[in-house]
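Letter by letter, the chains look like this.
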Amino acid sequence: MFIIDMFREKAEQQLRDIGVDARIEESKEGFGDFTLPCFQLAKLMKKSPTLIAKELQDKLKSSEYFEKIEAVGPYLNFYISQSKLAEMTLSAVLNGSLFSFEKKEKIILEHTSANPTGPIHVGRARNPIIGDTMARILRAYGHDVEVHYFVNDAGKQVATLLWGIRNLPVAQQYDKCDHVFVRNYQEASKLAQEDKKVDNDIRELMKAYESGDPELTEFAKEKIKCMLSGIMESLEKLNIHIDSFVWESSLISFAKELANKLEEYVEEEDGAYYINLRKIGANLQKDKFFLYRKDGTTLYFLRDIAYHVKKSESARYLIDVMGEDHKLHFSALKEVLNLITEELKLRALFYSFVSLPEGKMSTRAGTVVYLDDLIDEGYKKALSIIRERGYEEQDMKKIAKAVSVSAIRFSMLNVQEEKPIIFRWDKALSFEGESAPFIMYTYARASSILRKAGWNGSYKPSFLQHISEYRLIKLISKYPNIINKAADSLSPYVIAKYTYELAMQFNQFYRDCPVLNAEPELKNARLALVTAFKSTMQNLMHILGFNIIEKM
RNA sequence: GGGCGCGUGGCCUAGCCAGGACAUGGCGGCAGCCUCCUAAGCUGCAAGUCGCGGGUUCGAAUCCCGCCGCGCCCGCCA
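Definitions and cut-offs
- Residues numbered from 1 in each chain as written.
- Chains lettered and ligands numbered in written order.
- Predicted model: local features only at pLDDT ≥ 70, side-chain atom pairs only at ≥ 80, totals over all residues.
- Heavy atoms only, no water.
- Pairing = 2+ DSSP bridges.
- Helix = DSSP H or I, 4+ residues; strand = E, 2+ residues; numbered from the N terminus.
- Axes fitted to C-alpha atoms, helices over the stretch in contact; angles between N-to-C directions.
- Contact = heavy atoms within 4.5 Å.
- Near = heavy atom within 4 Å.
- Polar contact = N/O pair within 3.5 Å; in protein donor to acceptor, adjacent residues only side chain to side chain.
- Nonpolar A, V, L, I, M, F, W, Y, C, P; charged D, E, K, R; others polar.
- Buried < 20%, exposed > 50% of the residue type's maximum accessible area, 1.4 Å probe, protein only.
- Expected span 1.5 Å × (residues − 1).
- Disulfide = S-S within 2.5 Å.
- Domains from an automatic or database assignment.
- Buried area = accessible area lost by both parts, 1.4 Å probe.
- Salt bridge = Lys/Arg side-chain N within 4 Å of Asp/Glu carboxyl O.

A. Quick peek at the sheet that holds strand β11 (residues 317–323). The sheet built from five strands is open, its strands ordered β7-β6-β5-β11-β12 with parallel pairing. Two strands lie at the open edges of the sheet, namely β7 (244–247) and β12 (345–351), each paired on one side alone. With direction set aside, neighbouring strand axes in the sheet form an average angle of 25°. With four bridges joining them, strand β5 (residues 106–110) and β11 adopt parallel strand pairing. Following the sheet pairing, glutamate 110 is matched in β11 by aspartate 320.

B. View of the side chain of arginine 303. Tracing the sequence through the fold places arginine 303 in helix α11 (residues 300–312). Every residue in contact with arginine 303, bar those within four places of it in the chain, is listed here: Phe150, Asn152, Ala154, Gly155, Glu210, Glu248, Leu251, Ile252, Ala255 and Thr298.

C. Structural view of the protein's contact with RNA strand B. Around RNA strand B, the structure places 69 residues, and the nearest of them are Tyr75, Arg293, Tyr441, Ser448 and Tyr510. Of all RNA strand B atoms lying within 4 Å of any protein atom, the proportion belonging to sugar or phosphate reaches 65%. The side chain of asparagine 115 places a nitrogen or oxygen atom 3.3 Å from a sugar or linking oxygen of RNA strand B. A distance of 3.4 Å is found between a sugar or linking oxygen of RNA strand B and a side-chain nitrogen or oxygen belonging to asparagine 507. Elements supplying a minimum of two residues to the surface near RNA strand B: α2 (39–45), β4 (75–80), α6 (156–167), α11, α12 (327–340), α14 (393–413), α16 (436–453) and α19 (492–512). Residue composition of the surface near RNA strand B, by class: 27 nonpolar, 15 polar and 27 charged.

D. Representation of the side chain of lysine 223 in the model. Note on placement: lysine 223 falls in helix α9 (residues 214–237). A relative accessible area of 15% places lysine 223 in the buried class. Leaving out residues up to four positions away in the same chain, lysine 223 has contacts with Leu162, Ile165 and Phe181.

E. Seen up close, unusual backbone geometry. Even without being glycine, glutamate 343 reaches a positive phi, approximately 55°. Looking at the element boundaries, glutamate 343 is found in the loop between α12 and β12. Taking the relative accessible area as the measure of exposure, glutamate 343 reaches 66% and is therefore exposed. Here leucine 490, not a glycine, exhibits a phi torsion of approximately 50°, which is positive. With respect to the helices and strands, leucine 490 occurs in the loop between α18 (479–489) and α19.

F. Inspection of α6 at higher detail. Between its terminal C-alpha atoms α6 stretches 16 Å, which fits the 16 Å expected from 12 residues at 1.5 Å a residue. Against the buried residues of α6 lie α7 (177–194), α8 (196–210) and α9.

G. The state of the cysteines, seen in detail. Per the stated rule, a full pass over the model turns up one disulfide. A disulfide bridge connects cysteine 177 with cysteine 226, and the sulfur atoms are separated by 1.6 Å. An S-S torsion of about 65° defines the bridge between cysteine 177 and cysteine 226 as right-handed. Linking cysteine 177 in helix α7 with cysteine 226 in helix α9, this pair joins segments that are 49 residues apart in sequence. The class of cysteine 177 is buried, set by a relative accessible area of 13%.

H. Region of interest: the domain arrangement of chain A. Per the domain assignment, the segments making up chain A are domain 1 (3–80), domain 2 (112–355) and domain 3 (376–544). One C-alpha centre belongs to domain 2, the other to domain 3; they are set 38 Å apart. On the side of domain 3, 27 residues touch domain 2, which itself brings 28 residues to the contact. By the criterion of area lost to domain 3, the three top residues of domain 2 are Arg126, Ile137 and Tyr141, representing 24% of everything that side buries. At the junction of domain 2 and domain 3, the tally comes to one salt bridge. In this structure, arginine 409 engages aspartate 132 in a salt bridge whose closest nitrogen and oxygen atoms are separated by 2.7 Å. Here domain 2 is connected to domain 3 by 14 residue pairs in polar contact (both at pLDDT 80 or more).

I. Spotlight on the sheet that holds strand β1 (residues 25–26). Strand order in the open sheet formed by four strands is β1-β2-β4-β3, and the pairing between neighbours is antiparallel. Looking at strand neighbours, the two that pair on one side only are β1 and β3 (66–72), the edges of this open sheet. Of the pairings in the sheet, the one linking strand β2 (residues 34–37) to β4 comprises four bridges and is antiparallel in character. Bridge assignment links threonine 35 to a residue of β4, and that residue is asparagine 77.

J. Molecular detail of the environment of glutamate 110. Looking at the secondary structure, you find glutamate 110 in strand β5. Here the alpha-carbon distance between glutamate 110 and lysine 286, two residues 176 residues apart in the chain, equals 25 Å.

This is the structure we're talking about:
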């Protein structure tokens, strides 16, 4: 059981011992640690809540776990024993048990899966950042996570890309494929809209490709790999790593087999085939989900079903990270999978879009900020700030890189996933206040103290009496609860908020409690706390995908 | 038109699922703090009809109903 829950349980036990069976809540700042509002009891006992609180206070004694139990108006407040909490928390951190969770399930988490038709832009970047962080959270919580990227090399978009590369001049301004071929893709899709013949050519190309034309397959493979490596290069800069790429084209024959198995639910319209979800009892805003075009080529819905069935063969728990535009698709997918697979846990982490102040991001309209450019700008900005502080050249580069990468990740993680984000340069690259550099700076302060102190490892927790010490300890003790919450609710932002809060609390401690100049016993106790903070922070920064640096 | 989500000081944001004590923090603004462990930090001040209107409740930012605004979706695209 997590430390803080143990204290809660002890408080509830003390209440049960005097015949009160109630759930206590966490207090607001300044009212102890736990509280029992007595309004409900007042109704039952037909007495005023204030009187009840007072009576309960008189019956309860302070204990090993609670140093004070006090009635304030209609509330009964419990104050945790500071030395007990300090003792338990510090030892849990220092022996590592605070950070270790029991082994859990095998999970396949899919994120990004961006079409390999152009560079990742800021609008899309929320997906890999959320997805990668979610994977790190689940791992920290004890799950065995495999991260997937579903490569769309089978749809119309890709046929358009291939047509564009074959039939239009290839620019040479960039060295990365994604920045080069995106122009061909843009131009090709524009032409396809204007010219029926181009559209037809692209459809023919798609048909030939799907039927397995060897020369075309080879060409496509090569180009898509190059696009993908450009995308991955961008993602790796942000410490985002994919374990496994699954190519859609490899699933086409399997997808067709599956479609046959679903025969009884499939209907035909003008030569195209769809699955009728009403027939399987689903109640969505749409019943017809098409599996095949009338030319016999497969559609994304069918291929995605096939992909999920494949995944379910190696993991019983699947998580998809995707934009809110996929909600209907996902609901339908889930309905179909219920027919085919048993005991599959399939969950989605949806996020809202990132737009620009002037509106939606659109590659074609040119209203787009590429991730590569954001990373470059961040690096430049960080470097210019550091230059004024006089570091060695190689340290400066390392710090600038760490700061920019972490700041970009944090700015995408620090908002609830379902809230839309309007991208602003100054906010995405904010280095002050609620930001990654603030967190990193705080960590560096702790590192600096420990570097100078040379602690021998002994400490007596009872020396930690200051309110700022206590608040820091209490926050550290909640680490497992926070990981638990983020993992179960699939909410990376919970970790971002907690990490920020922890850093903030350390800064209070830093201001109020000098470490190096303290009396020996107190100094040792504080060094234990600083060490505990640093370890906790290290875990959190790793989960957030920051570059961890000791000095800045 | 229907479905899903969002609406909290000038701007951004937490709390909402599991209703309770003065609504969390940041940015920006104003006023301060480096003979003392890193000032990317810290302190103080100004600034809020928690979109609007009803309801439930001893008590509503939180739950319910209705409305308004914004986003996304309702493709033989992915």
